[in-house]
Amino acid sequence: MPDSQPQPQPPSNPPGSSAASVLLCGARLTDGRTVDVRLGGGRIEAVGTAGSLAPAARTVATRVDLRGYLLLPAPAEPHAHGDTALSAEEPGPVSYAPEDVQRRATEAALLQLGHGATAVRAHVRVGDVQGLGALGAVLQARRSLRELAELTTVAVPRLLTGVAGADGLAMLRDAVKMGASVVGGCPDLDPDPTGYVEALLEVASEHGCPVDLHTDAADPARLSRLAAMAGGLRPGVAIGPCAALTRFPAEAVGRVADQLAAAGVTVVCLPQGGCGGTDRQGTAPVRLLRAAGVRVAAGSGALRDVANPVGRGDPLEAAYLLASAHGLRPEDAYDAVSAAARAVLGLPEVRVEAGFPAELLAVRGDRLTGALSLAYSRIVVHRGRVVARTSAVREYCNSAVAAELGLPRQGRGELS
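> Sorry if this is basic, but what is going on with the sheet that holds strand 10 (residues 211–215) here?
Pairing between the strands of a sheet comes from backbone hydrogen bonds, and it takes one of two forms, parallel or antiparallel. Here 8 strands make up an open sheet; going across it, the order is 6-7-8-9-10-11-12-13 and the pairing parallel. The open sheet has two free edges, formed respectively by strand 6 (77–80) and strand 13 (296–298), since each of these has just one partner strand. In this sheet, adjacent strand axes meet at a mean angle of 25° when their direction is disregarded. The pairing of strand 8 (residues 150–157) with strand 9 (residues 182–185) spans 2 bridges and is classified as parallel. Residue pairing in the sheet places alanine 155 in a bridge with valine 183 of strand 9.

Rendered as structure tokens:
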């Protein structure tokens, strides 16, 4: 069926992109076609049958052999915690020294980039003992990663109401002026959750910022009020992980889901585990929410911090869990970590078609089901440039059964 939406036109040379072209050769698409894809200026310039595309005339193209790989729009990470990531094994309390936060945030973003996430939204605590130091460190990590991945920050104050919340509100405004692009927080932790949301929405409206809230959603009535307050706010509101919604009858959740859908609120679930901003583990009722028209994205949550010391930060694992444990079709599960996640971050849509951003992930395999099941080898493209590779080799020792069945051997070494 032809797409009725207008197709984006590639700019001549967007800022930060390379002028050299890249030719991806022999990639498999989810519709079964095997194609070559030419990239240039940070965009997909052309998609043609394998062997049909020549390098761009202006430069000698870098050729990347993608035979045996499935080519997908790159995932994005809508819910990370850059300031506490990779801190689970640190002795004593988590260090918020700027150099430690910057190191952890940078390493975490690179780990997630290796998994395929070319854009990451990191929630960062502001106020209390952290002040604005942790935010400054994550913003510095963002600058150091500029050519590799997009790292955006959410300022997360603890309290916003009453006398105790006055400092948090001032700190939140300072955080936005400093460079935080999203305002967020945990209304469940404030004595006045409704007042917290009102204050947050006011700051967001003042600065034209998106809103991203942590909530267990243990009170459906409160969630309904949040939806009513957030309705129509631009550029948008996301909430998550909403795991407590699974405790309520489907009818009650359905009413809340209808309100969230009408308000345009996105739910960001965390199928790999929770995070420090919430108490309840588990995953929101994604099928029910999607059936009501709620946009559902999936994030990673804690990445090896005290909330989840074994967190992987892998979008494909999140998609795998949505498909295997929560009944989503593989296509819908991958959409939650790619198209829906990018929409939460305010990023343009990606398709493997001419004119779209060259934000791509190649995974060894020929079908999406296999990619979600055994996604070991990956090649990541950001702004039209290969920025990360992960290679896994599977070998079997020499045996009669291996020879008889023709088991796959990706390496040449001999196993004893």
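> Could you clarify how one ought to interpret the side chain of threonine 84 in this entry?
Considering the arrangement of structural elements, one finds threonine 84 in the loop between strand 6 and helix 1 (98–115). Threonine 84 gets classed as buried once you look at its relative accessible area, which sits at 7%. Among the polar contacts listed, one links the side chain of threonine 84 to the side chain of aspartate 305, at a separation of 2.9 Å. When near neighbours in sequence (up to four residues on either side) are disregarded, threonine 84 contacts Tyr96, Arg104 and Asp305.

> Looking at this model, I keep getting lost on the layout of surface pockets. Mind explaining?
Regions of empty space are outlined by a rolling probe, equal in size to a water molecule, passed over the atoms. Taken as a whole, the largest pocket spans an internal volume of roughly 490 Å³. Lining the largest pocket we find 20 residues, and of these Thr30, Pro73, Val350, Arg351 and Val352 sit closest to its centre. Only strand 5 (69–73), helix 9 (330–337) and helix 10 (339–344) provide two or more residues apiece to the lining of the largest pocket. Its residues placed into classes, the lining of the largest pocket shows 10 nonpolar, 2 polar and 8 charged.

> Can you help me understand the side chain of histidine 123 in this one?
Tracing the backbone through its elements, the reader meets histidine 123 in strand 7 (residues 119–126). Among residues more than four places away in sequence, those in contact with histidine 123 are Pro78, His79, Ala80, His81, Gly82, Asp83, Val154, Val156, Asp212 and His214.

> Mind showing me how you'd approach the nonpolar core here?
The nonpolar side chains of soluble globular proteins are, as a tendency, buried together. Formed by 78 residues in total, the largest nonpolar core has its most connected members in Val211, Ile239 and Leu260. Counting residues per element, this core draws most heavily on helix 4 (residues 193–207), at 7 residues. Leaving out residues up to four positions away in the same chain, isoleucine 239 has contacts with Leu213, Thr215, Leu223, Leu226, Leu260, Val265, Thr266, Val267 and Val268. Core analysis: the next-biggest nonpolar cluster, separate from the first, contains 19 residues, Ala27, Leu71, Ala358 and Val381 among them.

> What exactly am I supposed to notice about helix 3 (residues 162–178) here?
With 17 residues, helix 3 should reach 24 Å at 1.5 Å per residue; the first-to-last C-alpha distance of 24 Å fits that figure. For helix 3, the full list of buried residues reads Gly165, Gly168, Leu172, Ala175 and Val176. Considered in projection along helix 3, the buried side chains sweep an arc of 95° and stay on one side of the axis. Seen from the open side of helix 3, the exposed residues pointing more than 90 degrees away from its buried face are Val163, Asp167 and Lys177. Where helix 3 is buried, its residues touch strand 7, helix 2 (133–144), strand 8, strand 9 and helix 4. Glycine 179 sits one or two residues past helix 3 and shows a positive phi near 140°.

> Help me understand unusual backbone geometry in this model?
Peptide bonds are, in most cases, trans, and in most cases residues other than glycine have a negative phi. Omega for the bond connecting glycine 240 with proline 241 falls within 30 degrees of zero, at 0°, which places this linkage in the cis form. For cysteine 242, which is not glycine, the phi dihedral falls at a positive 60°. Here cysteine 242 lies in the loop between strand 11 (237–241) and helix 6 (250–263). Of the residues examined, cysteine 242 reaches a relative accessible area of 0% and is grouped as buried. You will see that arginine 383, though not glycine, has its phi angle at about 55°, which is positive. Its location among the elements puts arginine 383 in the loop between strand 15 (378–382) and strand 16 (385–390). Exposure remark for arginine 383: the relative accessible area of 21% places this residue in the partly exposed category.

About the thresholds
- Residues numbered from 1 in each chain as written.
- Predicted model: local features only at pLDDT ≥ 70, side-chain atom pairs only at ≥ 80, totals over all residues.
- Heavy atoms only, no water.
- Pairing = 2+ DSSP bridges.
- Helix = DSSP H or I, 4+ residues; strand = E, 2+ residues; numbered from the N terminus.
- Axes fitted to C-alpha atoms, helices over the stretch in contact; angles between N-to-C directions.
- Buried < 20%, exposed > 50% of the residue type's maximum accessible area, 1.4 Å probe, protein only.
- Polar contact = N/O pair within 3.5 Å; in protein donor to acceptor, adjacent residues only side chain to side chain.
- Contact = heavy atoms within 4.5 Å.
- 1 Å grid on protein atoms, 1.4 Å probe; cavity = no way out; pocket = protein on both sides within 12 Å on 5 of 7 lines; lining within 4 Å.
- Points joined across faces, edges and corners; volume = space filled by probe spheres on them.
- Nonpolar A, V, L, I, M, F, W, Y, C, P; charged D, E, K, R; others polar.
- Core = buried A, V, L, I, M, F, W, Y, C linked by side-chain atoms within 4.5 Å.
- Expected span 1.5 Å × (residues − 1).
- Arc of directions from axis to C-beta.

Taken by themselves, the reported measurements are silent on function.
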